[in-house]
Amino acid sequence: MRRFVITALAQFGSITFMHPTQTQEKKSVNIKRITPVLLVKEIEPVIPFWVDRLGFAKTVEVPDGNKLGFVTFQKGATEVMYQTYASVEKDAPPSMSAEARKGPTYLYIEVDNFDAVLASMKDVKIVMPVRTAFYA
């Protein structure tokens, strides 16, 4: 099964992905999972909280030099991701990375039909180019 994932800025209040049909009826895109991506200066200080205190497992770990740049913690169906400001600044286009330290929250959203999501977003500015990541 192929997984489709989008990352959305959570600055819009509520985010609903809708795909209008010809009758102007709206069908929801099937969203399988939403995971917050929290931006921080350093990831290492939060590891004991998630792993030792709450019992989460570190399921994805991406180094950035001698530190972590990105990590995913998971326990059952619950998942949270962290990414460092420095990692975002290296990874994202300048217009997006400049906003990283200002406090936006990102959402990692897994969907069944990526083409339907793109169609429903045709009038929305895309700030991160579509790409394939090894962890998706």
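Note: the structure precedes this text.
Residues numbered from 1 in each chain as written. Predicted model: local features only at pLDDT ≥ 70, side-chain atom pairs only at ≥ 80, totals over all residues. Heavy atoms only, no water.

A count of helices and strands for the chain gives four helices and eight strands. Listing each helix as α and each strand as β along the chain from the N terminus yields β-β-β-β-α-β-β-β-α-α-β-α. Counting the 136 residues in the chain, one finds 36% classified as buried. Long-range pairs, those at least 24 residues apart, make up 62% of the contacts in the chain between residues at least 6 apart in sequence. Roughly 8,800 Å² of accessible area belongs to the chain as shown, and the carbon and sulfur atoms make up 53% of that amount. (Helix = DSSP H or I, 4+ residues; strand = E, 2+ residues; numbered from the N terminus. Buried < 20%, exposed > 50% of the residue type's maximum accessible area, 1.4 Å probe, protein only. Contact = heavy atoms within 4.5 Å. Areas by Shrake-Rupley, 256 points an atom, 1.4 Å probe, with all protein chains shown as cover.)

Sheet analysis places strand β5 (residues 57-64) next to strand β6 (residues 67-75), joined by seven bridges and oriented antiparallel. Bridge pairing in β6 links Val60 to Thr72. Where β5 folds back on β6, the antiparallel hairpin that results is connected by two residues, among which Gly65 adopts a positive phi of roughly 70°. Examined bridge by bridge, β6 and strand β7 (residues 78-84) share six bridges and lie antiparallel to one another. The partner of Phe73 across the bridge, within β7, is Val80. (Pairing = 2+ DSSP bridges.)

A few words on the pairing of β7. Summarising burial for β7: six of the seven residues are buried, a large majority. Summarising the sheet, strand β4 (residues 31-40) and β7 pair through four bridges and their orientation is parallel. By the bridge assignment for β7, Val37 is matched with Met81. Two successive antiparallel strands, β6 and β7, enclose a turn made up of two residues, where Gly76 displays a positive phi of approximately 60°.

On to a nonpolar patch on the surface, then. On the surface, Leu118, Ile126 and Val130 cluster together into a nonpolar patch covering about 260 Å² of accessible area. Note that Leu118 resides in helix α4 (residues 114-120). (Patch = residues over 30% accessible without salt bridge, like charges linked within 9 Å, V, L, I, M, F, W, Y side chains within 5 Å. Salt bridge = Lys/Arg side-chain N within 4 Å of Asp/Glu carboxyl O.)

This part is about the packing of aromatic side chains. The way to describe two aromatic rings as a pair is by their centre distance and the angle between their planes. Following the criterion strictly, the structure yields five aromatic pairs and no others. Look at Trp50 and Tyr82: their rings are 6.3 Å apart centre to centre, the planes differ by 65°, and that puts the pair in the edge-to-face class. One end of the pair, Trp50, is in helix α1 (residues 47-53); the other, Tyr82, is in strand β7, with 32 residues separating them in the sequence. Both residues of the pair, Trp50 and Tyr82, count as buried. Ring centres of Phe73 and Tyr82 lie 6.0 Å apart, and the angle between their planes is 80°; this geometry places the pair in the edge-to-face category. We classify Tyr82 as buried; its relative accessible area is 8%. (Phe/Tyr/Trp six-rings, centres within 6.5 Å; stacked < 30°, edge-to-face > 60°.)

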